[in-house]
Amino acid sequence: MIADVLLGVVAFLHLLACPYTKVEESFNVQATHDILFHRQDLEKYDHHEFPGVVPRTFIGPLFISLLASPLVVLTQLMGDNKFIAQYIVRGCLGLCVLYAFSRFRRAVSKKFGSDVGMMLVLLTTTQFHFLFYISRPLPNVFALPLVLLALSSWLMGKHGAFIWQSGFAILVFRSELCLFLGPILLGELVSRRLGVWELLRHGVPAGVVCLAVTVSVDSVLWQKLLWPEGTVLYYNTIMNKSSNWGTEPFLWYFYSALPRALAASTLLVPVGMWLDSRVTKTVAPALGFVLLYSNLPHKELRFIIYVFPVLNVAAARVCATVYHNWHKSKRWVLAALIVIGHLVANCSATAVFMYVSHLNYPGGHALHLLHRTVSSHSDVHVHIDVASAQTGVSRFGQLNSNWRYDKTEDLSPGGPELMAYTHLLLEATDQSQLYSKSHDTLVTIEGFSGIQKQLHSFPPVSINTEPRILVLEKKKGTSHGAE
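Below, the structure is looked at part by part. Predicted, not measured: the structure shown is a model, and the values here were computed from it. (Residues numbered from 1 in each chain as written. Predicted model: local features only at pLDDT ≥ 70, side-chain atom pairs only at ≥ 80, totals over all residues. Heavy atoms only, no water.)

Points about helix α10 (residues 196-222)
Taking 1.5 Å of rise per residue, 27 residues should cover 39 Å, and α10 covers 37 Å from first to last C-alpha, within 8% of that figure. Buried residues along α10 sit against α2 (26-37), α3 (59-77), α8 (159-173), α9 (178-190) and α11 (228-238). Remark: Q223 follows α10 within two positions and exhibits a positive phi of approximately 60 degrees. (Helix = DSSP H or I, 4+ residues; strand = E, 2+ residues; numbered from the N terminus. Expected span 1.5 Å × (residues − 1). Contact = heavy atoms within 4.5 Å.)

Side note on the packing of helix α7 (residues 139-156) against α9
For the pair α7 and α9, interaxial distance at closest approach is 12 Å and the crossing angle is 15 degrees. In terms of their interaxial angle, α7 and α9 are classed as roughly parallel. α9 is crossed by α7, and the crossing has left-handed handedness. Contact residues: V147, A150, L151 and W154 in α7; F180, L181, I184 and E188 in α9. Residue composition of the contact of α7 with α9, grouped by class: seven nonpolar, no polar and one charged. (Axes fitted to C-alpha atoms, helices over the stretch in contact; angles between N-to-C directions. Parallel < 35°, antiparallel > 145°, perpendicular 65-115°, else oblique. Left-handed = near helix turned anticlockwise from the far one by under 90°. Nonpolar A, V, L, I, M, F, W, Y, C, P; charged D, E, K, R; others polar.)

Quick look at the packing of aromatic side chains
Overall, the coordinates contain 21 aromatic pairs when judged by the stated rule. Plain terms: the ring middles of Y20 and F83 are 5.3 Å apart, the flat faces sit at 40 degrees to each other, and that makes the pair tilted. Taken as a pair, Y20 in the loop between α1 (2-17) and α2 and F83 in helix α4 (residues 83-112) lie far apart in primary sequence, 63 residues in all. Each member of the pair, Y20 together with F83, is buried. Relative to Y293, the ring of F289 lies with its centre 5.5 Å away and its plane at 15 degrees, an arrangement referred to as stacked. Highlighted residues: F289 and Y293, both in helix α14 (residues 277-293), separated by four residues, approximately one helical turn. According to the relative accessible area criterion, F289 is buried, its value standing at 0%. Classification of Y293 by relative accessible area gives buried; the value is 7%. Pairwise contacts between aromatic rings join F180, W252, Y253, F289, Y293, F303 and Y306 into one cluster. Taking NZ or CZ as reference, K82 lies 5.3 Å from the ring centre of F37, over its face. Residue placement shows K407 over the ring face of F50; its charged tip is 4.6 Å from the ring centre. (Phe/Tyr/Trp six-rings, centres within 6.5 Å; stacked < 30°, edge-to-face > 60°. Buried < 20%, exposed > 50% of the residue type's maximum accessible area, 1.4 Å probe, protein only. Lys NZ or Arg CZ within 6 Å of the ring centre and 35° of its normal.)

A word on empty space enclosed by the protein
What the rule picks out here adds up to four cavities of 30 Å³ or more. Considered as a void within the structure, the largest cavity measures approximately 70 Å³ in volume. Together, 14 residues line the largest cavity, and N28, R56, T57, P139 and F173 are the ones closest to its centre. Secondary-structure elements contributing two or more residues to the lining of the largest cavity are α2, α3, α7, α8 and α11. Among the elements that take part in the lining of the largest cavity, α11 stands out by supplying three residues, more than any other. Partitioned by chemical class, the residues of the lining of the largest cavity number nine nonpolar, three polar and two charged. (1 Å grid on protein atoms, 1.4 Å probe; cavity = no way out; pocket = protein on both sides within 12 Å on 5 of 7 lines; lining within 4 Å. Points joined across faces, edges and corners; volume = space filled by probe spheres on them.)

A few points about the environment of H456
For H456, the position within the fold is in the loop between β4 (439-453) and β5 (461-474). A relative accessible area of 85% means that H456 is categorised as exposed. Distance in space between the C-alpha atoms of H456 and Y306 is 38 Å, their sequence separation being 150 residues.

What to know about the sheet that holds strand β3 (residues 423-427)
Within the open sheet, the five strands sit side by side as β2-β1-β3-β5-β4. Their pairing is mixed. With partners counted over all chains shown, the strands left at the sheet margins are β2 (404-406) and β4, one partner each. Geometrically, the sheet is characterised by an average inter-axis angle of 20 degrees between neighbouring strands, direction not taken into account. Relative to β3, strand β1 (residues 381-384) is paired through three bridges, and the arrangement is parallel. Across the sheet, the residue bridging to I384 is L425, located in β3. Running at roughly 150 degrees to β4, helix α17 (residues 362-373) makes contact with β1, β2, β3, β4 and β5 of the sheet. (Pairing = 2+ DSSP bridges.)

Looking at a nonpolar patch on the surface
A cluster of nonpolar residues, W326, V333, L334, L337, I338, I340 and V344, forms a patch on the protein surface that exposes about 690 Å² of accessible area. Mapped onto the fold, W326 is located in the loop between α15 (308-325) and α16 (330-358). Given the relative accessible area of 45%, W326 is considered partly exposed. (Patch = residues over 30% accessible without salt bridge, like charges linked within 9 Å, V, L, I, M, F, W, Y side chains within 5 Å. Areas by Shrake-Rupley, 256 points an atom, 1.4 Å probe, with all protein chains shown as cover. Salt bridge = Lys/Arg side-chain N within 4 Å of Asp/Glu carboxyl O.)

Structural notes on the pairing of β1
Across the two faces of β1 the burial is the same, with H381 and H383 and V382 and I384 all buried. Relative to β2, β1 runs parallel, the two sharing three bridges. Within the sheet, the bridge partner assigned to V382 lies in β2 and is Y405.

What is shown is where atoms sit, not what they do.
Next up, the structure:
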């Protein structure tokens, strides 16, 4: 219970520090908003105007909306602003992941000992990325509870539950999870812990039901016959179009993503695998997944978030061993000091990551400050440019029903279309000079620009910022483009 509360408190702090969402979360956060506030009025849904590169499933947003709706209705009756609903939605998603993680922790405790489970919680609490991401409405995060439940079922030997949970995660949310959960299933077959008949008895109906659910629900909401994750699979793997969004070297996950996600605990993973062969068998599918998935050129840390808890089991095994033996000799005392030092290093890295992340949502901060600066009773028609929309603006942040919010793209800078708006949320580039005569700058939002080393001072790093988003207000009497 204490472990669950500790994880929940730290996850909530991450949510408070970074309440806004980015472009990768756009579909799910807008879909959740539309389900909660537009309900059956499908024509008002955001995805009709901004469908994204590939269609995504509505199953996750529907489930989270169902969980969040009682609290959202209550806050609306109390007169709270609509952005509170975004906190509630993200909180519900985070609680789903934490519930699944609790199940995973209990399975780990049963297999490896309660001390390993305790250390797993301690390590996860001190690391940044897992708890930062669990409340973010990303397809990977919607799949994460199912993956954790599937891993728990695997560790407990519950093959039927494992097949159903894996099938839903793969067919509805993230098809690449077949590279992670598939080898686990194959290993169970080869070892004869799972029979072919049991596989077919669960696998066939699971596949049929999961496909039927996503195709039926998403075809209605997208208004065409559709299997969203099948479309994503074709786009990313067959067409390899994901490379359009950037590529990384083959080993990037190993030398960049995992060390950032696990921080100093990365060094303990191979030690834990060496200490306990059972840990090696548990960790191997996770490392195999990362290796296989590295063949896809487009890489992001969140794509492999499922393996962080599994790899932490190996590090937790080391910490538990040191905890049991620290009083036996000076060598064990030294080992204990190393473990404590690595936890301090994790916390320090988390503090830096959290502060940097807070600065990565200038669009959300800009819209918030516009609402604070301009009277809600004013006649406001605000244009939100692409940079603002991608860095924190969502429909949850559109607080005033009498204001008009517009995200129309590809308008000519300084042209008559943009001059028709009373306010602009604008990226701070040279083009912003086009509005120097026609607009006043209400607010300038700073954003993260880099980290500078300061080895001879404390702290040894400096977080640099620069102007990212401008909030402009048209001067009275201006009705045409800037000269």
